[in-house]
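# Geometric and topological summary
Residues per chain, in single letters:
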Amino acid sequence: MQRVIVQALGGPEHLALETGAAAAAPAAGEVLVDVEAAGVNFLDINLRKGNGVHAVPAPFTPGLEGVGRVRAAGAGVALPIGQRVAWINVQGSYASALTMPADRVVPLPESLTPAQALLFQATTAHYLATEYRAIQPGDRVLVHAAAGGVGQLLVQWLKHLGAWVVGTTSSADKAEVVRAAGADAVINYGRDYRFLDELMHLTDGHGVDLAFDSVGAATFVPTVKGLARGGMAVSCGVSSGPAPAINPAELTHACTRIAAGSVFSYIARPGEFQARAARIIEGIAAGWLRMPEATAYPMARAADAHRDIESRQTHGKLYLVP
Ligand SMILES: NC(=O)c1ccc[n+]([C@@H]2O[C@H](COP(=O)([O-])OP(=O)(O)OC[C@H]3O[C@@H](n4cnc5c(N)ncnc54)[C@H](OP(=O)(O)O)[C@@H]3O)[C@@H](O)[C@H]2O)c1
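Worth saying up front: this structure is predicted, and the values here are computed from it rather than measured. (Residues numbered from 1 in each chain as written. Predicted model: local features only at pLDDT ≥ 70, side-chain atom pairs only at ≥ 80, totals over all residues. Heavy atoms only, no water.)

Right, let's get into the site of the ligand. Of all residues adjacent to the ligand, which total 26 residues, the nearest are T169, S170, K174, Y189 and V263. Y189 places a side-chain nitrogen or oxygen 2.5 Å from an oxygen atom of the ligand. Those elements that provide at least two residues to the shell around the ligand are α3 (120-131) and α4 (149-160). With four residues, the single largest contributor to the shell around the ligand is α3. Looking at side-chain class alone, the shell around the ligand contains 12 nonpolar, 12 polar and two charged residues. Split by domain, the shell around the ligand shows at least three residues from each of two domains, domain 1 (2-118 + 291-321) and domain 2 (122-260). (Near = heavy atom within 4 Å. Polar contact = N/O pair within 3.5 Å; in protein donor to acceptor, adjacent residues only side chain to side chain. Helix = DSSP H or I, 4+ residues; strand = E, 2+ residues; numbered from the N terminus. Nonpolar A, V, L, I, M, F, W, Y, C, P; charged D, E, K, R; others polar. Domains from an automatic or database assignment.)

Below is the structure:
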């Protein structure tokens, strides 16, 4: 089989394709899956560099999600051979075949394209949109990096729940992507991440009730300043580096709140991923949830996919095909 290896922590040049090793036979409760597509996520880049709370030592095979077909099932697994499935939270997904716990997968309709079937970003958007506030029509919500994969899906989910949504992004081209996702307003924060004055202008000086900040270092302090009374800023990524510490005293005047979260926690309970996946598949079938445009790379070009994400030129999903 093929698999990508991070030979040493650092740049994309440390990604190499290895062939020849055989996938492990599934033990009880496991499935062996032939991979159709493996999603590339920003978190894979953090892991390749050795950054962040989920760091693992090299060498390892990156990748967290994919779509494929069951080739073999261990004892106690009810999934039939040939069943199309998607998974998230299975480290090592940049491979042509993979053995994983059966409770990490969800059966998929045949009608979904690989891009629609890669569920990591949509599952993230679902937990972000549903776990922090019971969104009411008219709630004002800020989504940073709204042209990214999570960003586009989160904008759509918040709009579906009735929120007024403003998205930030770094270029005029990507601003069109944010508008197409349904945002009511877009702020081009450029390469110096300036957005607060425009945000306050757009909200008549009130600020927003909820803000999702996946950019981190470059944006989190002004994000908190842009909250309305009782508003909440959710730290959900570190694309520009970790957010600085904020003294709770700074939240006193406007009674604002800071939260953080990880999709891994919000899929940890039995059946939780499958329940979120069901909502996503329903949204796609109903037509209101559109998965971002996707670009496929051969598995041997995993390093190029990483370079392209890091260049900030991409918008939407990148995935690898064996
Ligand atoms: N908490 C969770 O559970 C969770 C789950 C999944 C993903 N995430 C995080 O959410 C973020 C977005 O993920 P994604 O899959 O949507 O990624 P993506 O599609 O690659 O989008 C990332 C976007 O971040 C923006 N960005 C801002 N500063 C950047 C920088 N210094 N370098 C690179 N990009 C920068 C870019 O948009 P602009 O050019 O428009 O700024 C880029 O398009 C990542 O930080 C990821 O780690 C968190």
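Following the structure, the description resumes.
Turning to the packing of aromatic side chains, a few remarks are in order. For the coordinates displayed, the defined rule picks out seven aromatic pairs. Judged by centre distance (5.9 Å) and plane angle (40°), the ring pair of F120 and F264 falls under tilted. Of the two residues, F120 sits in helix α3 while F264 sits in the loop between β13 (257-260) and α8 (272-286), which places them 144 residues apart along the sequence. Like F264, F120 is buried. Both rings, one in Y127 and one in Y132, keep their centres 6.2 Å apart while their planes meet at 50°; by these two values the pair is tilted. Residue classification places Y132 among the buried residues on the basis of a relative accessible area of 14%. (Phe/Tyr/Trp six-rings, centres within 6.5 Å; stacked < 30°, edge-to-face > 60°. Buried < 20%, exposed > 50% of the residue type's maximum accessible area, 1.4 Å probe, protein only.)

The assigned domain composition of the chain is domain 1 (2-118 + 291-321) and domain 2 (122-260). The centre of domain 1, based on its C-alpha atoms, is set 29 Å off from the matching centre of domain 2. Contacts between domain 1 and domain 2 engage 11 residues on the former and 15 residues on the latter. Between domain 1 and domain 2, roughly 990 Å² of surface is buried when both sides are summed, and carbon and sulfur atoms account for 53% of that area. Three residues, P292, R312 and H315, lead the burial of domain 1 against domain 2; their summed loss comes to 55% of the area buried on that side. Taken together, the links from domain 1 to domain 2 amount to zero salt bridges. Linking domain 1 with domain 2 are two residue pairs in polar contact (both at pLDDT 80 or more), by the criterion used here. Residue composition of the side of domain 1 that touches domain 2, grouped by class: four nonpolar, six polar and one charged. (Contact = heavy atoms within 4.5 Å. Buried area = accessible area lost by both parts, 1.4 Å probe. Salt bridge = Lys/Arg side-chain N within 4 Å of Asp/Glu carboxyl O.)

To continue, consider the packing of α3 against α8. The contact between α3 and α8 brings their axes to 10 Å, and the two run at 95°. Viewed along their axes, α3 and α8 adopt a mutual orientation that is roughly perpendicular. Only F273, R276, R279 and I280 of α8 make contact with α3, whose side of the interface consists of A122, T123, H126, Y127, T130 and E131. Residue classes in the contact of α3 with α8 are distributed as four nonpolar, three polar and three charged. (Axes fitted to C-alpha atoms, helices over the stretch in contact; angles between N-to-C directions. Parallel < 35°, antiparallel > 145°, perpendicular 65-115°, else oblique.)

Attention shifts here to the pairing of strand β9 (residues 164-169). Most of β9 is tucked away, with five of its six residues classed as buried. Relative to β9, strand β8 (residues 140-143) is paired through four bridges, and the arrangement is parallel. What sits directly across from V141, in β9, is V165. Following the chain from β8 across α4 to the adjacent parallel β9, one finds a crossover that is right-handed. Relative to strand β10 (residues 185-188), β9 runs parallel, the two sharing four bridges. Bridge pairing links T169 to N188 in β10. (Pairing = 2+ DSSP bridges. Right-handed = clockwise from strand over helix to strand, strands pointing away.)

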